[in-house]
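A structural walkthrough
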Amino acid sequence: MTPINLIVDSGTTKTDWLIVREGTVVDSVCTKGMNPYFQSQEDIRKELRDVLLPGMKAVFAGGVSVGTVYFYGAGCVFDKVEMMREALSSRIPARAIHVYSDLLAAAHSTCGHEAGIACILGTGSNSCFYDGEKIVKNISPLGYVLGDEGGGAMLGRTLVSDVLKEILPRPLREAFFERFRMTQADILEHVYKKPFPNRFLAGFSPFLHEHGNDPEIRRILVNGFNSFFTRNVMQYDYKTHTVNFVGSVAYHYEEILRVTAESAGMRVGKIIRSPLEGLVDYYSGHFASLRNGKD
């Protein structure tokens with residue numbers, strides 16, 4: 001039987017695994033996010049063992065082998081690439097495992113083989129200039145403490161701060177506490193004493209979407225996106241190339257994002273929620289070569 005291939009998009013919050021046979025997606029599995037900057041190799045192996053492999057049990061029961069794993073993940077840079085590859089190879093019996101950054105996933109899925117600027121706006125944020133083959137410039141996102149402008153965690157942080165400092169109007173503050181049922185002490189406990197504060201803060205982003213027509217909420221969003229453009233995208237040749245976006249924040253706030261970008265003199269290209277569909281298209285030529293015995 002023809003081996004399957006896995007195309008994987010792993011963020012801080014969740015990981016989506018596409019099971020592809022001969023260029024066609026036949027199944028998918030979802031696990032928790034796997035970020036080697038925030039998790040140990042053993043934590044990642046445990047998630048693979050306890051969630052991924054049981055989810056793929058039916059596939060393996062049919063005697064199917066795994067050809068290649070194309071893993072794109074948040075935090076998969078520098079020495080963390082090999083750490084992730086080792087974790088994957090310890091649980092997945094694949095012929096080959098390739099580990100790339102989530103930023104390259106954004107570039108491959110939105111730009112394909114053409115030059116352009118690729119951005120991620122999800123829990124965090126990132127950006128790069130891609131020449132059609134590789135990333136040639138990347139302004140460091142610096143994480144949720146020093147950067148990640150425009151991402152869900154930073155938007156959530158601004159929202160929470162404006163609520164607790166009583167900057168937002170009373171009706172919005174009351175709606176916030178009614179929606180989340182948390183005290184200031186609860187929020188501070190999560191941010192300063194519990195793991196993954198970036199995930200926690202990003203969890204407030206839906207409130208911004210629900211109240212997106214309110215001028216004060218729109219101010220938070222516009223300021224967040226403008227900060228992302230000023231501190232990241234404008235470091236590239238944005239006047240010549242289109243600016244493309246991947247991620248839940250970009251997808252849900254597409255209208256505000258487009259207006260803000262165009263006001264800053266940018267030409268917006270694709271805005272998609274997940275890079276996976278674009279990645280299947282990106283590898284379609286390679287899969288066709290395999291079917292025809294040319295690779």
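Below: a short report on this structure. (Residues numbered from 1 in each chain as written. Predicted model: local features only at pLDDT ≥ 70, side-chain atom pairs only at ≥ 80, totals over all residues. Heavy atoms only, no water.)

A few points about the overall build of the protein chain
In terms of regular secondary structure, the protein chain is built from 14 helices and ten strands. Computed over its C-alpha atoms, the radius of gyration of the protein chain comes to 20 Å, within 12% of the 19 Å expected for a compact globule of 295 residues. Dimensions along the principal axes, computed over C-alpha positions, put the protein chain at roughly 65 × 45 × 30 Å. Expressed as a percentage of the 295 residues in the protein chain, the buried residues total 49%. Within the protein chain, contacts between residues at least 6 apart in sequence are counted, and of these 65% link residues at least 24 apart. Roughly 13900 Å² of accessible area belongs to the protein chain as shown, and the carbon and sulfur atoms make up 51% of that amount. For the protein chain, the distance from the average position of its 32 positive side-chain charges to the average position of its 33 negative side-chain charges is 2 Å. (Helix = DSSP H or I, 4+ residues; strand = E, 2+ residues; numbered from the N terminus. Rg over C-alpha atoms; globule rule 2.2 N^0.38 Å. Buried < 20%, exposed > 50% of the residue type's maximum accessible area, 1.4 Å probe, protein only. Contact = heavy atoms within 4.5 Å. Areas by Shrake-Rupley, 256 points an atom, 1.4 Å probe, with all protein chains shown as cover. Lys, Arg positive; Asp, Glu negative; His and termini not counted. Charge placed at Lys NZ, Arg CZ, Asp CG, Glu CD.)

Looking at the pairing of strand E1 (residues 4-10)
With seven of seven residues buried, E1 lies mostly within the body of the structure. Across the two faces of E1 the burial is the same, with Ile4, Leu6, Val8 and Ser10 and Asn5, Ile7 and Asp9 all buried. Across six bridges, the pairing between E1 and strand E4 (residues 66-73) is parallel. If you follow aspartate 9 over to E4, its bridge partner there is tyrosine 72. Here E1 runs beside strand E2 (residues 14-21); their pairing, made up of six bridges, is antiparallel. Within E2, the residue paired with asparagine 5 across the bridge is valine 20. Between E1 and E2, which follow one another and run antiparallel, lie three residues. (Pairing = 2+ DSSP bridges.)

Regarding helix H11 (residues 215-231)
Count 3.6 residues to each turn of an α-helix, and residues three or four apart come out pointing the same way. With 17 residues, H11 extends 24 Å from end C-alpha to end C-alpha; this agrees with the ideal 24 Å at 1.5 Å per step. For H11, the full list of buried residues reads Ile217, Ile220, Leu221, Gly224, Phe225, Phe228 and Phe229. For H11, the buried positions fall inside an angular range of 160 degrees around the axis, keeping them on one side. Where H11 begins, one side-chain oxygen reaches toward the backbone nitrogen of glutamate 216, 2.8 Å away; that side chain belongs to aspartate 214. (Expected span 1.5 Å × (residues − 1). Arc of directions from axis to C-beta. Polar contact = N/O pair within 3.5 Å; in protein donor to acceptor, adjacent residues only side chain to side chain.)

Some words on the sheet that holds strand E6 (residues 116-121)
Strands sit in the order E8-E7-E6-E9-E10 across an open sheet of five strands; the sheet is mixed. With one partner strand each, in any of the chains shown, strand E8 (135-137) and strand E10 (268-272) form the two edges of the open sheet. Looking at each pair of strands side by side, their axes are set apart by 30 degrees on average, direction ignored. Relative to E8, strand E7 (residues 125-130) runs antiparallel, the two sharing two bridges. Within the sheet, the bridge partner assigned to phenylalanine 129 lies in E8 and is lysine 137. Strands in contact with helix H4 (residues 102-111) are E6, E7, E8, strand E9 (243-246) and E10; relative to E6, the strand with the most contacts, it is inclined by about 125 degrees. Contacts from H11 reach E6, E7 and E9, with the element oriented near 140 degrees to E6. (Axes fitted to C-alpha atoms, helices over the stretch in contact; angles between N-to-C directions.)

Here's the deal with the packing of helix H6 (residues 152-164) against H11
In contact at an axis separation of 10 Å, H6 and H11 are set at 140 degrees when each is read in the N-to-C sense. As summarised for this structure, H6 and H11 are arranged oblique, according to the angle between their axes. The two elements H6 and H11 meet at a crossing, and its hand is right-handed. Two secondary-structure elements touch here, H6 through Leu155, Thr158, Leu159 and Asp162 and H11 through Ile217, Arg219, Ile220, Leu221, Gly224 and Phe225. Its residues placed into classes, the contact of H6 with H11 shows six nonpolar, two polar and two charged. (Parallel < 35°, antiparallel > 145°, perpendicular 65-115°, else oblique. Left-handed = near helix turned anticlockwise from the far one by under 90°. Nonpolar A, V, L, I, M, F, W, Y, C, P; charged D, E, K, R; others polar.)

Concerning the nonpolar core
One recurring pattern in soluble globular proteins is that nonpolar side chains are buried together. Formed by 41 residues in total, the largest nonpolar core has its most connected members in Leu159, Phe176, Ile217, Phe225, Phe229, Val233 and Phe245. In this structure leucine 159 touches Leu168, Phe176, Phe204, Phe207, Leu208, Ile217 and Ile220, once residues within four positions along its chain are discounted. Within the second largest apolar cluster, 24 residues are counted, among which are Met56, Cys76, Met84 and Leu88. (Core = buried A, V, L, I, M, F, W, Y, C linked by side-chain atoms within 4.5 Å.)

Concerning the pattern of salt bridges
Summed over the entire model, instances satisfying the criterion amount to twelve salt bridges. Note that arginine 219 is salt-bridged to glutamate 216, the shortest N-O span being 3.0 Å. Residue arginine 219 and its partner glutamate 216 are both found in helix H11; the two are separated by three residues, about one turn of the helix. One connected set of salt bridges, linked through shared partners, spans Lys46, Arg49 and Asp50. (Salt bridge = Lys/Arg side-chain N within 4 Å of Asp/Glu carboxyl O.)

Description of the environment of alanine 106
Counting through the fold element by element, alanine 106 comes out in helix H4. In contact with alanine 106, not counting residues within four places along its chain, are Cys111, Ala118, Cys119, Ile120 and Val246.

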